Amino acid sequence: MQTFRVLGILGIFALLILGYAFWGRSGREASLPPAPAAKAIPVSQLTELQPVKDIQLEYHQPDMPAGPGREQFVTQCVICHSPRYVLNQPIFPRKTWTTEVAKMVKAYGAPITPEEQKPIVDYLVAWHGKEDPPAAPTQNTK
Ligand code: HEC
């Protein structure tokens with residue numbers, strides 16, 4: 001008998017809690033003010049409200065003259081740093097530019113194939129370098 005009474009009381013509590021959860025909530029939702037309807041603004045009015053402004057950003061990249069190898073250079077050598085960074089170097093001879101390009105690949109992992117390296121070196125020599133000085137005449141020891 002005692003058990004039935006306890007179960008009955010628990011049941012009543014459960015019903016009260018459920019009732020509060022369902023009816024209480026729906027009641028609160030119903031009392032919320034309706035969401036404001038989105039007002040459609042025609043595109044023409046949008047541009048009137050916010051006029052389009054053109055801004056000119058400063059441009060610091062050096063002019064890269066046209067020439068063979070330029071395409072490879074602007075594709076491969078500006079991934080990690082600017083072309084200006086390359087131009088900041090002294091006028092290197094071909095040998096140094098060849099080493100530089102190889103260093104980018106070996107030391108820094110530049111994804112440049114061996115076929116692309118030659119035109120890039122040619123371009124660098126033409127744009128910001130010089131040909132290697134002629135090798136010093138070797139001593140004739142005969
Ligand atoms: C994978 C990234 C990456 C690519 C691609 C890359 N570089 Fe570099 N480069 C670097 C890093 C890193 C440095 C060193 C920066 C430092 O020391 O602050 C560097 C430095 C340089 C320097 C300065 C001298 C030196 O040896 O540190 C030159 C010149 C240069 N790069 C040229 C090139 C050229 C030419 C190419 C295209 C063939 C190229 N880089 C492509 C990462 C790259």
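What you are looking at is a predicted structure, and each value in this text was computed from that prediction instead of being measured. (Residues numbered from 1 in each chain as written. Predicted model: local features only at pLDDT ≥ 70, side-chain atom pairs only at ≥ 80, totals over all residues.)

Attention shifts here to the site of the ligand. Close contacts around the ligand come from 17 residues, with Cys77, Cys80, Met104, Tyr108 and Ala110 the closest. Considering each element in turn, the shell around the ligand owes the most residues, four residues, to helix 5 (residues 94-106). Among the residues making up the shell around the ligand, the classes are represented as eleven nonpolar, four polar and two charged. (Near = placed C-beta within 6 Å. Helix = DSSP H or I, 4+ residues; strand = E, 2+ residues; numbered from the N terminus. Nonpolar A, V, L, I, M, F, W, Y, C, P; charged D, E, K, R; others polar.)

Further remarks concern the packing of helix 5 against helix 6 (residues 114-128). In the contact formed by helix 5 and helix 6, the axes pass within 9 Å of each other and the chain directions differ by 135 degrees. Our classification of the angle between helix 5 and helix 6 gives oblique. Note on packing geometry: the crossing formed by helix 5 with helix 6 is right-handed. Contacts between helix 5 and helix 6 pair Arg94, Trp97, Thr98 and Val101 from the former with Gln117, Ile120, Val121, Leu124 and Val125 from the latter. Considered class by class, the residues forming the contact of helix 5 with helix 6 number six nonpolar, two polar and one charged. (Axes fitted to C-alpha atoms, helices over the stretch in contact; angles between N-to-C directions. Parallel < 35°, antiparallel > 145°, perpendicular 65-115°, else oblique. Left-handed = near helix turned anticlockwise from the far one by under 90°. Contact = placed C-beta atoms within 7 Å.)

What follows deals with helix 5. In this model helix 5 runs 18 Å from its N-terminal to its C-terminal C-alpha over 13 residues, within 8% of the 18 Å that 1.5 Å per residue would give. Taken as a whole, helix 5 has its buried residues at Trp97, Val101 and Met104. Within helix 5, the buried residues cover an arc of 55 degrees as seen down the axis, which keeps them to one side. In helix 5, the exposed residues that point more than 90 degrees away from the buried face are Lys103 and Lys106. Against strand 1 (92-93), helix 6 and strand 2 (129-130) lie the buried residues of helix 5. (Expected span 1.5 Å × (residues − 1). Buried ≥ 20, exposed ≤ 12 C-beta atoms within 10 Å, placed from the backbone. Arc of directions from axis to C-beta.)

Attention now moves to the environment of arginine 94. Within the secondary structure, arginine 94 is located in helix 5. Once the C-alpha coordinates of arginine 94 and aspartate 132 are considered, the two residues, 38 residues apart in sequence, prove to be 5.5 Å apart. The contacts of arginine 94, once residues within four sequence positions are left out, are Val121, Val125, Gly129, Glu131 and Asp132.

In this structure, Phe73, Cys77, Trp97, Val101, Met104, Ile120, Val121, Tyr123, Leu124, Val125 and Trp127 together form the largest nonpolar core, which totals eleven residues. Counting only elements with at least two residues in this core, the list comes to helix 5 and helix 6. Considering each element in turn, this core owes the most residues, six residues, to helix 6. (Core = buried A, V, L, I, M, F, W, Y, C linked by C-beta atoms within 7 Å.)

Between its first and last C-alpha, helix 6 extends 21 Å over 15 residues, near the 21 Å set by a 1.5 Å rise per residue. Within the sequence span of helix 6, burial applies to Gln117, Ile120, Val121, Tyr123, Leu124, Val125 and Trp127.

Moving on, we come to the environment of tyrosine 108. Tracing the backbone through its elements, the reader meets tyrosine 108 in the loop between helix 5 and helix 6. Judged by local crowding, tyrosine 108 falls into the exposed class, with 10 C-beta atoms found within 10 Å.

Geometric descriptors of this kind do not, in isolation, establish any biological role.
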